[in-house]
Amino acid sequence: MADRPIRVRYAPSPTGHLHIGNARTALFNYLFARHNNGTMVLRIEDTDTKRNIADGEKSQIENLHWLGIDWDEGPDVGGDFGPYRQSERKDIYQKYIQELVEKGDAYESYKTEEELQADRDAQKAAHEAPHYVYEYEGLSAEDKQAKIDEAKAKGLKPVIRFHIPADHTYEWDDIVKGDISIDGNTIGGDFVIQKADGMPTYNFAVVIDDHLMEISHVLRGDDHIANTPKQIAIYEALGWDVPVFGHMTLIINGETGKKLSKRDESVLQFIEQYRELGYLPDAMFNFITLLGWSPVGEDEIFTKKEFIEQFDEKRLSKSPARFDKKKLEWVNNQYIKKADVNELTALSLNNLIESGRIQKDPDPKTIEWARQLISLYIPQMSYTGQISELSDIFFTEPAPLDDKEQAELEKDGARPVIEAIQTKLQGLDTFSAYFINQLVNDVRQETGVKGRKLYMPIRIATTRVMHGPQLAETIELIGRDQTLKNIASVLSQMN
């Protein structure tokens with residue numbers, strides 16, 4: 001095994017959009033392959049036709065590319081081990097199904113769903129773990145064949161079940177969790193490897209694909225641990241080498257401590273949702289990499305190249321990974337501060353359009369105004385989708401003064417300061433931040449008021465909020481008419 005070339009795969013089902021957990025699986029496989037100069041394979045596991053959604057595969061590919069993950073082989077790029085969609089490999093699976101049946105390791109099963117449910121009910125009543133009860137127990141070869149013939153005469157279509165050997169233990173050295181041993185008697189009995197419609201089940205198809213595609217390492221979530229003994233059983237029956245398994249720890253909600261479930265609506269869980277909110281791909285790559293893997297040292301911000309150089313599977317955590325929304329916002333903010341302004345402007349402008357703040361297809365004048373507006377708030381944004389709320393003062397009618405604002409305006413010198421800035425703004429020829437700053441300095445010199453007692457009354461009167469970005473730039477973007485209207489309204493509300 002040690003001499004085999006490193007080949008890993010990410011194998012999503014096109015049954016939904018790219019989930020955070022699946023993105024992490026893809027990312028860790030990608031980093032492992034790139035760090036070891038191995039091969040990354042994308043394989044689409046689309047045998048569950050009832051659950052597949054339109055454009056499910058396209059969505060997976062687009063979001064993986066957005067994150068910065070690429071692959072060497074796959075349905076979109078080809079390769080020597082295709083086809084790379086399970087739905088196109090049915091004939092391949094049939095060959096090995098037949099081999100297992102002929103060897104006596106698999107057999108036709110005609111138990112109906114009603115019979116299976118009756119078994120489950122009886123097991124539940126007896127406080128037994130659910131398991132398949134062998135339908136041909138105690139029958140001679142002739143009686144078994146007679147039972148099969150009777151089922152066929154009724155028009156029943158069989159599934160194919162794999163026979164689990166009695167009293168067999170399945171063991172493997174897991175990259176993440178170390179030595180794992182599972183008693184074959186506890187995995188539920190003989191299991192289905194081919195459905196009645198002829199399609200293979202996951203646990204069978206994945207073994208055939210991984211073997212034929214020469215996958216050396218299987219890195220996946222630890223919810224797959226229960227599948228591993230079933231898959232090893234098939235490897236052993238076919239006489240094939242078993243790949244190295246690594247089961248990554250669960251991701252938990254950082255606030256509740258519970259497993260991150262798709263039903264947990266307190267956390268956005270799909271990459272596409274973060275794209276729409278204006279999170280940056282490099283930031284998402286960084287954050288997800290640290291969900292269950294730790295670098296050497298205390299640094300938390302790395303480039304993709306640095307992650308590839310440092311990635312060591314031995315540093316995959318055995319403890320659950322906490323999904324911390326605030327931590328994600330902090331990571332994204334670090335990237336926003338260093339991002340290209342044009343990229344942030346484009347993302348933020350799209351958020352403003354989506355929220356209805358700016359009309360679709362804005363004219364050049366509006367775009368330039370929006371560009372200046374967005375630049376004011378870049379340092380404050382954790383993601384560009386926040387621009388609509390942060391810039392609320394530019395798009396909504398001011399609310400009446402609240403108690404805190406009234407308290408600030410009741411301080412000595414507030415009214416003279418406001419009246420002075422009002423007069424100067426009315427007479428300002430060029431309404432720009434540069435000249436507005438000069439006016440504020442003139443008011444300071446003329447009134448003798450400075451510091452908070454100068455700036456807070458001016459900010460409240462002109463922008464109608466106590467806190468915000470650079471004052472002069474904000475006033476310029478609000479515009480002369482609205483600014484003077486704001487001042488007049490504030491003066492009318494002052495005691």
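Throughout, residues of each chain are indexed from 1 in the direction in which the sequence is written. Thresholds applied to this predicted model are a pLDDT of at least 70 for local features of residues and 80 or more for the giving and counting of side-chain atom pairs; totals over whole chains, interfaces and linings are not thresholded and use all residues. Hydrogens are left out, water is left out, and the side-chain values use all remaining heavy atoms of the structure.

**Student:** Sorry, what's going on with helix α12 (residues 341–354) here?
**Tutor:** For an α-helix, 3.6 residues make a turn, and residues three or four places apart therefore share a direction. Its 14 residues place the ends of α12 20 Å apart at the C-alpha level, agreeing with the 20 Å of an ideal helix rising 1.5 Å per residue. For every residue, the accessible area obtained with a 1.4 Å probe (protein chains only) is divided by the maximum for its type, and the residue is called buried under 20%, exposed over 50%, and partly exposed between those limits. Note on conventions: DSSP H or I runs of at least 4 residues are helices, E runs of at least 2 residues are strands, and numbering of each starts at the N terminus. All of the buried residues in α12 are L344, T345, S348, L349, N351, L352 and I353. Each element contacted by the buried residues of α12 is listed here: α8 (271–277), α11 (325–338), α13 (364–377) and α14 (387–390). Backbone nitrogen of N342 and a side-chain oxygen of the N-cap are separated by 3.1 Å at the start of α12; the cap is D340. Phi turns positive, to about 85°, at G356, one or two residues after α12. Helix span is expected to be 1.5 Å times the residue number reduced by one. When checking whether two residues touch, look at their non-hydrogen atoms; a contact exists if any pair is within 4.5 Å. Counting of polar contacts relies on pairs of N or O atoms within 3.5 Å, with two restrictions inside protein: one atom must be capable of donating a hydrogen and the other of accepting it, and residues adjacent in sequence are counted only when both atoms are side-chain atoms.

**Student:** Looking at this structure, how should I read the side chain of R7?
**Tutor:** As for its position among the elements, R7 is in strand β1 (residues 7–10). Using a relative accessible area of 7% as the deciding quantity, one classes R7 as buried. Each residue touching R7, except ones within four places of it in the same chain, is listed here: T39, V41, E73, F81, M213, E214, I215, S216 and H217.

**Student:** Hey, could you run me through the packing of aromatic side chains in this one?
**Tutor:** How two aromatic rings sit relative to each other is given by the distance of their centres and the angle of their planes. The rule is short: rings of Phe, Tyr and Trp, with Trp giving its six-membered ring, pair when the centres are within 6.5 Å, and they are stacked under 30 degrees, edge-to-face over 60, tilted in between. Throughout the structure, instances matching the rule amount to 18 aromatic pairs. On the numbers, 6.3 Å between centres and 65° between planes, the contact of W172 with F245 is edge-to-face. Pair noted here: W172 is in strand β5 (residues 169–174) and F245 is in strand β9 (residues 244–248), with a separation of 73 residues, a long-range link. Grouping residues by exposure puts W172 and F245 together as buried.

**Student:** Would you mind showing me how to read the sheet that holds strand β4 (residues 159–162) here?
**Tutor:** Neighbouring strands of a sheet are bound in pairs by backbone hydrogen bonds; such pairs are parallel or else antiparallel. In short, DSSP must find at least two bridges between two strands for them to pair. Pairing is antiparallel in the open sheet, where three strands are placed in the order β3-β4-β7. This sheet does not close on itself; its edge strands, each paired only once, are β3 (106–109) and β7 (191–194). Direction aside, neighbouring strands of the sheet carry axes that sit 45° apart on average. Geometry is summarised by axes, namely lines fitted to C-alpha atoms with helices restricted to the contacting stretch, and by angles between N-to-C directions that run from 0 to 180 degrees.

**Student:** Sorry, what's going on with the pattern of salt bridges here?
**Tutor:** Two side chains of opposite charge can pair, provided their charged atoms sit close to one another. In what follows, salt bridge is the name for a side-chain nitrogen of Lys or Arg lying within 4 Å of a carboxyl oxygen of Asp or Glu. Enumeration over the complete set of coordinates arrives at 22 salt bridges. A salt bridge links R85 to E88; the nearest nitrogen and oxygen atoms lie 3.1 Å apart. Assessed through its relative accessible area of 22%, R85 is described here as partly exposed. Judged by its relative accessible area of 45%, E88 is partly exposed. Its salt-bridge partner being K154, residue E150 comes within 3.7 Å of it at the nearest N-O pair. Here the salt bridges share partners, and the residues they tie into one network are R9, R43, E45, R89, D209 and D210.

**Student:** Teacher, can you tell me more about the nonpolar core here?
**Tutor:** One broad trend across soluble globular proteins is that nonpolar side chains are buried collectively. We define the nonpolar core as a collection of buried residues of types Ala, Val, Leu, Ile, Met, Phe, Trp, Tyr and Cys that are connected through side-chain atoms lying within 4.5 Å of one another. In terms of nonpolar packing, the biggest core is built from 67 residues, with I20, L67, I69, I271, M284, I288 and F323 touching the most fellow members. No other element matches the nine residues that helix α1 (residues 20–35) contributes to this core. Discounting chain neighbours no more than four positions away, the residues touching I69 are A23, A26, L27, Y30, M40, L64 and F285. Counting 34 residues, the second largest nonpolar core, distinct from the first, contains I187, I193, Y235 and F245.

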